[in-house]
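# Coordinate analysis (summary)
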Amino acid sequence: MKEFAQTNRIVYDALAREYAFRRDNLGQYSESTEYLGYSLLKNVSDRSHLQVMEIGPGAGQILRYFEDNGCRTIGVELSQEMCCLCRTQSPNSIIINGDICEVNFGIEQFDLIYMGAIIHLFPLQDAKILMKKVWTWLKYNGYIFVNTTCHAKSYEGYSRKQDYPSEINRFRRYWREDDFEQFISESGFSVKEKLYTDEKDRMKKWVALIGKKEIIHNNETI
Ligand SMILES: C[S@@+](CC[C@H](N)C(=O)[O-])C[C@H]1O[C@@H](n2cnc3c(N)ncnc32)[C@H](O)[C@@H]1O
């Protein structure tokens, strides 16, 4: 496992209880689980037997949303403590405790892939490799949800996580919104929708992109 992932595993093990608290005590400006989950699920009309994967499910609330909506759900979660939360919150999901960079799935296995507040935990080069794998794992006409916070410029490195009481350093990439959208497009996804959240109480502005893996013929999507 690379150093940034080892560091982040320690960080999220330490933060698991705080994530569980925030899951159960949603901030005034935070989006609800239903809103976030539905923003992805609404894109598919035939919802029978959907295969959904979540990368970095944290405290497990989004997995539970998809589970409650009849999907077959798999989560890949780095932190052992977070895995314990997930298994309680979403008991019918398969939870793999591991680094998504070291996990492999078959091609075109998932209808939907949810990536909430995770892409900024990877250095750019690793994020590029990850998004290529995500593209491979997703079925044609499948969708992804991927979000991050917006910043004045794109840069990365180790820094203290600001909005939690624990004094803890983790790896973080900060994305400019246009760089982020370009990155998702260049990873092969058509950006179908952009959703914004202004979390005033945490001074965070989020952009979520709904991306689709489309069939391309002669440079035209069908
Ligand atoms: C910021 S939290 C977000 C949790 C949840 N998605 C949410 O939106 O509430 C990021 C989660 O991703 C997990 N994570 C970080 N790096 C990972 C990796 N390389 N593979 C799998 N999970 C990872 C962390 O352990 C943590 O639970």
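Bear in mind that the values here come from a model prediction, so they are computed numbers and not experimental data. (Residues numbered from 1 in each chain as written. Predicted model: local features only at pLDDT ≥ 70, side-chain atom pairs only at ≥ 80, totals over all residues. Heavy atoms only, no water.)

### A few points about the pattern of salt bridges
Tallying each qualifying case throughout the model produces 11 salt bridges. Asp-126 serves as the salt-bridge partner of Lys-2, at 2.7 Å between the closest nitrogen and oxygen. One end of the pair, Lys-2, is in the segment before α1 (3-24); the other, Asp-126, is in helix α5 (residues 124-137), with 124 residues separating them in the sequence. Classification of Lys-2 by relative accessible area gives partly exposed; the value is 47%. With its nearest N and O atoms 2.9 Å apart, the salt bridge here joins Arg-23 to Asp-24. The exposure class assigned to Arg-23 is buried, which follows from its relative accessible area of 18%. Residues joined in a network through salt bridges with shared partners are Lys-192, Lys-212 and Glu-214. (Salt bridge = Lys/Arg side-chain N within 4 Å of Asp/Glu carboxyl O. Helix = DSSP H or I, 4+ residues; strand = E, 2+ residues; numbered from the N terminus. Buried < 20%, exposed > 50% of the residue type's maximum accessible area, 1.4 Å probe, protein only.)

### Section: the pairing of strand β1 (residues 51-55)
Of all 5 residues making up β1, 4 are buried, and the element is well covered by its neighbours. Where β1 meets strand β2 (residues 72-77), 5 bridges bridge the pair, whose relative direction is parallel. Bridged to Val-52 within β2 is Thr-73. Viewed along the sheet, the connection from β1 through helix α3 (residues 61-68) into β2 turns out right-handed. (Pairing = 2+ DSSP bridges. Right-handed = clockwise from strand over helix to strand, strands pointing away.)

### Topic: the pairing of strand β8 (residues 190-199)
Two strands pair when backbone bridges link them, and β8 and strand β9 (residues 204-212) are joined in this way by 9 bridges, in the antiparallel orientation. Of the residues in β9, the one forming a bridge with Thr-197 is Trp-206. In this structure, the hairpin formed by β8 and β9 is closed by a connection of 4 residues, where Met-203 is found at a positive phi of approximately 55 degrees.

Distances and angles like these do not, on their own, reveal function.
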